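Here is what each chain is made of, one letter per residue.
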Amino acid sequence: MSVKGILTFPGDKSISHRAFMLAALAEGTSIIKNSAMGTDVLSTIRCLRDCGINIKNIDKNEAHVSGRLAFPDKDLFCGNSGTSARLLTGLLTGQGITANLTGDESLIRRPMKRIIAPLTEMGARIESLDSHLPFRINGSGLRGIKYRIPVASAQVKSCLLLAGLGAEGNTELEEIAPTRDHTEIMLKELNVNISTSADKNVIKLSGPCKKLPEFSVNIPGDPSSAAFFAAAGCTKDSELLLKDILLNPRRLGFYRTLQRMGARLEMMEKRQRQFGELTGDIRVRPGLLRGIHLAAEEIPGIIDELPLLAVLATQAEGKTIVKGAAELRVKESDRITAIYTNLKNMGADIEEFSDGFSIIGPTQLTGSKIQTYHDHRIAMAFTIAGLFCNEPVILDDQECINISFPEFFTLMSRLVK
Ligand code: S3P
């Protein structure tokens, strides 16, 4: 089996969420092109609409966003989306909106204390039973704080920056490891008074800044979605060109890791940035893969791609070790358990740790029934595992892929020869 072709991808999911949220704070009408249209981004769109924002034309892939945030008259349902729940909580408390937020079975189990504690320090009132969704937020009169974020999380950082936009004074955040910086980049583009220290670990924002200028953005292709195809491109005799991909260095951990493992990957940056973000094309050709040890500080840059890396590690010569990735346990599913259970069933030589896993390869995987835990990235990673099997893999839930990448199977069927 090999894959060949040239592909373009729907826009980056993280940037899509942020674009809609920032457009909700902007004067006039903002235009968002090539947004991701999975159910996660649709959750952000629905919540913003429930708060009075007009969002038109999403079916034409050129959304027009206008209006002012208002108190919603129903609960804001964030579905499966941690980014919607955490970032909207920051955005809305910053604007003094009172609202109830909730989510699906998976989201109501995910940790929210990480945002509730600092937002409370800023003066927000968040009423929850046990620091989980559902909760009620009320945030008038926020003050900026100086805060060291104890987990490496772009969602927490972005929540606090969005709250900081509506807060009086400086919000100063220190990260324990560099996480995706799209919020900072977009706020800079929108002339917000925000700066990052030379070592990039400290971000300072001066508030309040309640209205932003209207903007237009064409969102570059999602490197986390394209990653599944880059992995497919590692099968024998394949050759792929992934076009117009977001090349933000904090999102390229998976691609850099693939290069280090021995795949022949070329990243070709475009000269012009898209709304402050680097973009470009990625050429993928297979090579002899070797196992790899990931350092803890590399984890945030590859966090969403670790299930996929685990699949590829079964095809690599030698040992792959991933540690310092305990955050995987509190994603849409416990991804360490999901990786371990499914790869073990397929015959991989895998060991599970509390904060990661190790895999010794190469192994001829056998097709099996996959427990997706209704987690989109597990479902897609194990579809790719199927490319390395002689028998089919059968997902117990395909639908969950729509959370981030509804186009996944259509693009896949175009490629597999
Ligand atoms: C995201 C941040 C990451 C990532 C998620 C999207 C974002 O989550 O896993 O898919 O858009 O900020 P954490 O901040 O919880 O690590």
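Residues numbered from 1 in each chain as written. Predicted model: local features only at pLDDT ≥ 70, side-chain atom pairs only at ≥ 80, totals over all residues. Heavy atoms only, no water.

Provide a residue-level description of the layout of surface pockets, including the pertinent values.
Considered as a void within the structure, the largest pocket measures approximately 590 Å³ in volume. Listing elements by their share of the lining of the largest pocket, those giving two or more residues are α1 (13–23), α3 (82–94), α5 (154–165) and α11 (376–387). Broken down by class, the residue content of the lining of the largest pocket amounts to twelve nonpolar, ten polar and 17 charged. (1 Å grid on protein atoms, 1.4 Å probe; cavity = no way out; pocket = protein on both sides within 12 Å on 5 of 7 lines; lining within 4 Å. Points joined across faces, edges and corners; volume = space filled by probe spheres on them. Helix = DSSP H or I, 4+ residues; strand = E, 2+ residues; numbered from the N terminus. Nonpolar A, V, L, I, M, F, W, Y, C, P; charged D, E, K, R; others polar.)

Hey, could you go over the nonpolar core for me, with residue numbers and the actual values?
Counting 73 residues, the largest nonpolar core has F229, L242, F254, L306 and I384 as its most contacted members. Broken down by element, the residue count for this core peaks at eight residues, all from α11. The residues contacting I384, other than those within four sequence positions of it, are F228, A231, A232, L308, F408 and M412. Counting residues in each nonpolar core, the second largest holds 70 residues, with F20, V156, L161 and L212 among its members. (Core = buried A, V, L, I, M, F, W, Y, C linked by side-chain atoms within 4.5 Å. Buried < 20%, exposed > 50% of the residue type's maximum accessible area, 1.4 Å probe, protein only. Contact = heavy atoms within 4.5 Å.)

Please give an account of the sheet that holds strand β3 (residues 54–56) that cites residues and values.
Spatially, β3-β4-β2-β13 is the arrangement adopted by the four strands of the open sheet, whose pairing is mixed. Each having just a single partner strand, β3 and β13 (216–218) make up the two edges of the open sheet. The mean inter-strand angle of the sheet, taken between neighbouring strand axes irrespective of direction, is 15°. Of the pairings in the sheet, the one linking β3 to strand β4 (residues 62–66) comprises three bridges and is antiparallel in character. Bridge pairing in β4 links K56 to H64. In the packing of α1 onto the sheet, contacts are made with β2 (30–33), β3, β4 and β13, and the angle to β2 comes to roughly 170°. (Pairing = 2+ DSSP bridges. Axes fitted to C-alpha atoms, helices over the stretch in contact; angles between N-to-C directions.)

Report on the site of the ligand, specifying residues and quantitative values.
As a matter of local geometry, the ligand sits amid S14, R18, T83, R86, S153, A154, Q155, R180, I303, D304 and K331. In the environment of the ligand, an oxygen atom lies 2.7 Å from a nitrogen or oxygen atom belonging to the side chain of S153. One nitrogen or oxygen atom from the side chain of D304 is found 2.6 Å from an oxygen atom belonging to the ligand. Protein burial of the ligand: of its 390 Å² of free accessible surface, 95% is covered by the chains. Judged by its atoms lying within 2 Å of the grid points, the ligand is housed in the largest pocket. For the shell around the ligand, the class distribution of residues is two nonpolar, four polar and five charged. (Near = heavy atom within 4 Å. Polar contact = N/O pair within 3.5 Å; in protein donor to acceptor, adjacent residues only side chain to side chain. Areas by Shrake-Rupley, 256 points an atom, 1.4 Å probe, with all protein chains shown as cover. Sits in = over half its atoms within 2 Å of the grid points.)

Summarise the packing of α3 against helix α4 (residues 113–121); cite the residues concerned and give the values.
With their axes 10 Å apart at the nearest point, α3 and α4 run at an angle of 15° to one another. Taken together, the axis directions place α3 and α4 in an arrangement best described as roughly parallel. As α3 runs across α4, the sense of the crossing is right-handed. Taken together, the residues of α4 that come into contact with α3 (itself represented by R86, T89, G90 and T93) are R114, I115 and L119. Of the residues that constitute the contact of α3 with α4, the class distribution is two nonpolar, three polar and two charged. (Parallel < 35°, antiparallel > 145°, perpendicular 65-115°, else oblique. Left-handed = near helix turned anticlockwise from the far one by under 90°.)

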